[in-house]
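Residue strings, one per chain:
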Amino acid sequence: SNGDRHAITGLPPIQAKRQGGLLDVAVLKQDDSSYSVYFCYSKPLAGGSVTAIDRAELEGTSLVKRQTIFVANKISQNAIHYGCRLVLDRKYIYASLGERGERYDAQDAALHAGVIIRLHDDGRIPQDNPKESGWAPEVFSMGHRNPQGMAIHPGTGRLWIHEHGPRGGDEINIISPGANYGWPTVSHG
(Lines give C-alpha, C1' and ligand atoms only; values in the text may rest on other atoms or scores of the structure.)
Protein backbone atom coordinates (compact mmCIF):
# COMPACT_ATOMS: atom_id res chain seq x y z
CA SER A 1 0.00 0.00 0.00
CA ASN A 2 2.98 2.35 0.51
CA GLY A 3 4.83 1.33 -2.67
CA ASP A 4 7.61 -0.61 -0.94
CA ARG A 5 8.99 -3.63 -2.77
CA HIS A 6 10.17 -6.82 -1.14
CA ALA A 7 11.80 -9.84 -2.75
CA ILE A 8 9.89 -13.08 -2.27
CA THR A 9 12.01 -16.07 -1.33
CA GLY A 10 11.25 -19.78 -1.61
CA LEU A 11 10.61 -19.99 -5.35
CA PRO A 12 11.69 -23.13 -7.22
CA PRO A 13 14.17 -23.01 -10.14
CA ILE A 14 12.46 -21.20 -13.02
CA GLN A 15 13.58 -21.15 -16.65
CA ALA A 16 13.36 -17.50 -17.70
CA LYS A 17 13.92 -17.85 -21.43
CA ARG A 18 11.97 -16.31 -24.32
CA GLN A 19 8.30 -16.62 -23.28
CA GLY A 20 9.09 -18.72 -20.21
CA GLY A 21 9.46 -17.58 -16.63
CA LEU A 22 7.03 -16.95 -13.81
CA LEU A 23 3.80 -17.12 -15.81
CA ASP A 24 0.97 -16.37 -13.37
CA VAL A 25 0.21 -16.04 -9.66
CA ALA A 26 -3.16 -16.51 -7.97
CA VAL A 27 -4.06 -16.24 -4.29
CA LEU A 28 -6.85 -18.02 -2.45
CA LYS A 29 -7.90 -16.97 1.05
CA GLN A 30 -8.45 -20.00 3.26
CA ASP A 31 -11.13 -20.19 5.97
CA ASP A 32 -8.57 -19.63 8.74
CA SER A 33 -7.51 -16.25 7.26
CA SER A 34 -4.32 -17.71 5.80
CA TYR A 35 -3.55 -17.51 2.10
CA SER A 36 -2.58 -20.17 -0.40
CA VAL A 37 -0.44 -18.88 -3.24
CA TYR A 38 -0.53 -20.73 -6.56
CA PHE A 39 1.96 -19.98 -9.29
CA CYS A 40 2.57 -21.32 -12.73
CA TYR A 41 6.07 -21.27 -14.20
CA SER A 42 8.41 -22.82 -16.74
CA LYS A 43 10.19 -25.59 -14.90
CA PRO A 44 13.65 -26.55 -16.23
CA LEU A 45 14.16 -30.28 -16.75
CA ALA A 46 16.73 -32.35 -18.60
CA GLY A 47 16.02 -31.84 -22.31
CA GLY A 48 14.06 -28.60 -21.96
CA SER A 49 11.24 -27.35 -19.78
CA VAL A 50 7.63 -27.99 -18.84
CA THR A 51 4.82 -25.93 -17.44
CA ALA A 52 4.38 -26.54 -13.71
CA ILE A 53 2.07 -25.31 -10.94
CA ASP A 54 3.13 -24.99 -7.30
CA ARG A 55 1.13 -24.24 -4.18
CA ALA A 56 2.62 -22.52 -1.12
CA GLU A 57 1.79 -20.34 1.85
CA LEU A 58 3.16 -16.84 2.22
CA GLU A 59 4.78 -16.01 5.56
CA GLY A 60 6.14 -12.49 5.50
CA THR A 61 8.12 -12.44 2.26
CA SER A 62 8.82 -16.17 2.13
CA LEU A 63 6.96 -18.95 0.35
CA VAL A 64 6.74 -21.88 2.75
CA LYS A 65 5.23 -25.37 2.56
CA ARG A 66 5.71 -25.19 -1.21
CA GLN A 67 4.70 -28.26 -3.16
CA THR A 68 4.46 -28.91 -6.88
CA ILE A 69 0.89 -29.94 -7.64
CA PHE A 70 1.13 -30.26 -11.44
CA VAL A 71 3.87 -30.90 -13.99
CA ALA A 72 3.06 -31.08 -17.70
CA ASN A 73 3.80 -34.46 -19.26
CA LYS A 74 5.75 -33.32 -22.34
CA ILE A 75 9.21 -31.78 -22.12
CA SER A 76 9.94 -29.26 -24.87
CA GLN A 77 13.02 -27.36 -25.97
CA ASN A 78 10.74 -24.65 -27.41
CA ALA A 79 10.60 -21.80 -24.93
CA ILE A 80 7.32 -20.45 -26.36
CA HIS A 81 3.57 -20.87 -25.94
CA TYR A 82 3.50 -21.86 -22.30
CA GLY A 83 0.07 -20.28 -21.86
CA CYS A 84 -0.65 -20.72 -18.16
CA ARG A 85 -3.28 -18.40 -16.89
CA LEU A 86 -4.56 -19.58 -13.50
CA VAL A 87 -8.14 -19.12 -12.36
CA LEU A 88 -9.34 -20.25 -8.94
CA ASP A 89 -12.81 -20.72 -7.64
CA ARG A 90 -13.81 -22.28 -4.33
CA LYS A 91 -13.82 -25.74 -5.86
CA TYR A 92 -11.25 -25.91 -8.69
CA ILE A 93 -8.07 -24.57 -10.21
CA TYR A 94 -8.20 -24.02 -13.95
CA ALA A 95 -4.97 -23.55 -15.90
CA SER A 96 -4.39 -22.90 -19.58
CA LEU A 97 -1.47 -24.67 -21.24
CA GLY A 98 -0.09 -23.67 -24.63
CA GLU A 99 1.04 -26.16 -27.26
CA ARG A 100 4.67 -25.00 -26.96
CA GLY A 101 4.91 -24.23 -30.68
CA GLU A 102 4.12 -27.82 -31.71
CA ARG A 103 0.72 -27.10 -33.24
CA TYR A 104 -0.43 -30.68 -33.85
CA ASP A 105 0.22 -31.60 -30.21
CA ALA A 106 -2.94 -29.60 -29.45
CA GLN A 107 -4.94 -32.42 -31.07
CA ASP A 108 -3.49 -35.04 -28.74
CA ALA A 109 -5.28 -34.70 -25.40
CA ALA A 110 -3.01 -37.34 -23.88
CA LEU A 111 -0.44 -34.51 -23.83
CA HIS A 112 -0.59 -31.44 -21.66
CA ALA A 113 -0.25 -29.24 -24.75
CA GLY A 114 -2.92 -26.86 -26.00
CA VAL A 115 -5.34 -27.75 -23.21
CA ILE A 116 -7.26 -26.34 -20.29
CA ILE A 117 -6.76 -28.45 -17.17
CA ARG A 118 -8.89 -28.60 -14.03
CA LEU A 119 -7.61 -29.68 -10.61
CA HIS A 120 -8.64 -29.47 -6.98
CA ASP A 121 -6.67 -26.93 -4.92
CA ASP A 122 -4.27 -29.64 -3.72
CA GLY A 123 -3.62 -31.01 -7.23
CA ARG A 124 -6.01 -33.95 -7.05
CA ILE A 125 -7.96 -34.66 -10.23
CA PRO A 126 -11.72 -34.02 -9.98
CA GLN A 127 -13.80 -37.15 -10.45
CA ASP A 128 -16.16 -35.28 -12.78
CA ASN A 129 -13.44 -34.18 -15.22
CA PRO A 130 -14.21 -35.33 -18.78
CA LYS A 131 -13.14 -38.91 -19.29
CA GLU A 132 -12.75 -38.86 -23.04
CA SER A 133 -10.90 -41.82 -24.53
CA GLY A 134 -7.14 -41.24 -24.55
CA TRP A 135 -7.28 -37.95 -22.62
CA ALA A 136 -4.93 -37.18 -19.73
CA PRO A 137 -7.12 -37.08 -16.60
CA GLU A 138 -6.41 -33.40 -15.87
CA VAL A 139 -7.62 -32.24 -19.31
CA PHE A 140 -10.87 -30.26 -19.30
CA SER A 141 -10.81 -29.11 -22.95
CA MET A 142 -8.35 -29.41 -25.83
CA GLY A 143 -7.44 -27.94 -29.21
CA HIS A 144 -6.08 -24.62 -27.95
CA ARG A 145 -3.04 -22.74 -29.27
CA ASN A 146 -1.69 -20.40 -26.61
CA PRO A 147 -4.47 -19.38 -24.21
CA GLN A 148 -3.30 -16.57 -21.95
CA GLY A 149 -6.52 -14.94 -20.85
CA MET A 150 -9.06 -16.72 -18.69
CA ALA A 151 -11.89 -15.75 -16.37
CA ILE A 152 -15.01 -17.21 -14.80
CA HIS A 153 -18.14 -15.32 -15.84
CA PRO A 154 -19.63 -13.86 -12.63
CA GLY A 155 -23.23 -14.52 -13.65
CA THR A 156 -23.06 -17.91 -15.31
CA GLY A 157 -19.98 -19.46 -13.69
CA ARG A 158 -18.79 -20.54 -17.15
CA LEU A 159 -15.09 -20.43 -18.01
CA TRP A 160 -14.12 -17.98 -20.77
CA ILE A 161 -10.69 -17.96 -22.39
CA HIS A 162 -8.76 -15.83 -24.85
CA GLU A 163 -6.12 -17.38 -27.05
CA HIS A 164 -3.69 -15.81 -29.49
CA GLY A 165 -4.13 -16.52 -33.19
CA PRO A 166 -1.01 -17.14 -35.28
CA ARG A 167 -1.59 -14.20 -37.65
CA GLY A 168 -4.18 -12.19 -35.78
CA GLY A 169 -7.49 -14.00 -35.53
CA ASP A 170 -7.43 -14.21 -31.75
CA GLU A 171 -10.26 -16.24 -30.23
CA ILE A 172 -12.59 -15.92 -27.27
CA ASN A 173 -14.09 -19.26 -26.29
CA ILE A 174 -16.64 -20.28 -23.67
CA ILE A 175 -15.29 -23.60 -22.45
CA SER A 176 -17.44 -26.73 -22.39
CA PRO A 177 -16.05 -29.79 -20.59
CA GLY A 178 -14.72 -32.36 -23.04
CA ALA A 179 -14.81 -30.05 -26.06
CA ASN A 180 -12.16 -29.79 -28.78
CA TYR A 181 -11.61 -26.18 -29.91
CA GLY A 182 -9.85 -27.26 -33.11
CA TRP A 183 -6.37 -25.76 -33.21
CA PRO A 184 -4.74 -26.08 -35.71
CA THR A 185 -7.23 -27.91 -37.94
CA VAL A 186 -10.09 -25.36 -37.90
CA SER A 187 -8.25 -22.09 -37.33
CA HIS A 188 -5.16 -20.49 -38.73
CA GLY A 189 -5.70 -16.79 -38.00
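Above this text is the structure in question.
All figures in this text were calculated on a predicted structure; none of them were measured in a lab.

Q: Outline a nonpolar patch on the surface, listing residues and values.
A: On the surface, L11, L22, V25, V27 and Y35 cluster together into a nonpolar patch covering about 440 Å² of accessible area. Ranked by residues supplied to the nonpolar patch, first place goes to strand 1 (residues 22-29) with three residues. With respect to the secondary-structure elements, V25 resides in strand 1.

Q: How would you sum up unusual backbone geometry? Please name residues and give values.
A: Going from W183 to P184, the amide bond is cis rather than trans, its omega being 0°. Secondary-structure assignment places P184 in the segment after strand 11 (171-174). Located in the positive-phi region is H81, a residue other than glycine, with phi close to 55°. Note that H81 resides in the loop between strand 4 (62-71) and strand 5 (83-88).

Q: Let's hear about the sheet that holds strand 8 (residues 139-142): which residues, and what values?
A: Overall, antiparallel pairing links the four strands, which are arranged 5-6-7-8 in an open sheet. The sheet terminates laterally at strand 5 and strand 8, the two strands that pair on one side only. If you compare each strand with its neighbour and ignore which way they point, the axes differ by 15° on average. Where strand 7 (residues 115-119) meets strand 8, three bridges bridge the pair, whose relative direction is antiparallel. Its bridge partner lying in strand 8, V115 is registered against M142.

Q: Residues and numbers for the pattern of salt bridges, please.
A: A pair can form between side chains of opposite charge whenever their charged atoms are brought close. Scanning the model with the defined rule gives seven salt bridges in all. With its nearest N and O atoms 3.1 Å apart, the salt bridge here joins D24 to R85. Of the two residues, D24 is situated in strand 1 and R85 in strand 5; the sequence distance between them amounts to 61 residues. Classification of R85 as partly exposed rests on a relative accessible area of 29%. Across the pair R124 and D122 runs a salt bridge whose closest N-O atoms are separated by 2.8 Å. Given the relative accessible area of 48%, R124 is considered partly exposed.

Q: Before we move on, can you summarise the sheet that holds strand 2 (residues 35-45) with the specific residues and values?
A: Reading across the sheet, the four strands line up as 1-2-3-4 and stay open at both edges, with antiparallel pairing between neighbours. Lying at the two open borders of the sheet, with one neighbouring strand each, are strand 1 and strand 4. Direction aside, neighbouring strands of the sheet carry axes that sit 30° apart on average.

Scoring rules and cut-offs
- Residues numbered from 1 in each chain as written.
- Predicted model: local features only at pLDDT ≥ 70, side-chain atom pairs only at ≥ 80, totals over all residues.
- Heavy atoms only, no water.
- Patch = residues over 30% accessible without salt bridge, like charges linked within 9 Å, V, L, I, M, F, W, Y side chains within 5 Å.
- Areas by Shrake-Rupley, 256 points an atom, 1.4 Å probe, with all protein chains shown as cover.
- Salt bridge = Lys/Arg side-chain N within 4 Å of Asp/Glu carboxyl O.
- Helix = DSSP H or I, 4+ residues; strand = E, 2+ residues; numbered from the N terminus.
- Pairing = 2+ DSSP bridges.
- Axes fitted to C-alpha atoms, helices over the stretch in contact; angles between N-to-C directions.
- Buried < 20%, exposed > 50% of the residue type's maximum accessible area, 1.4 Å probe, protein only.

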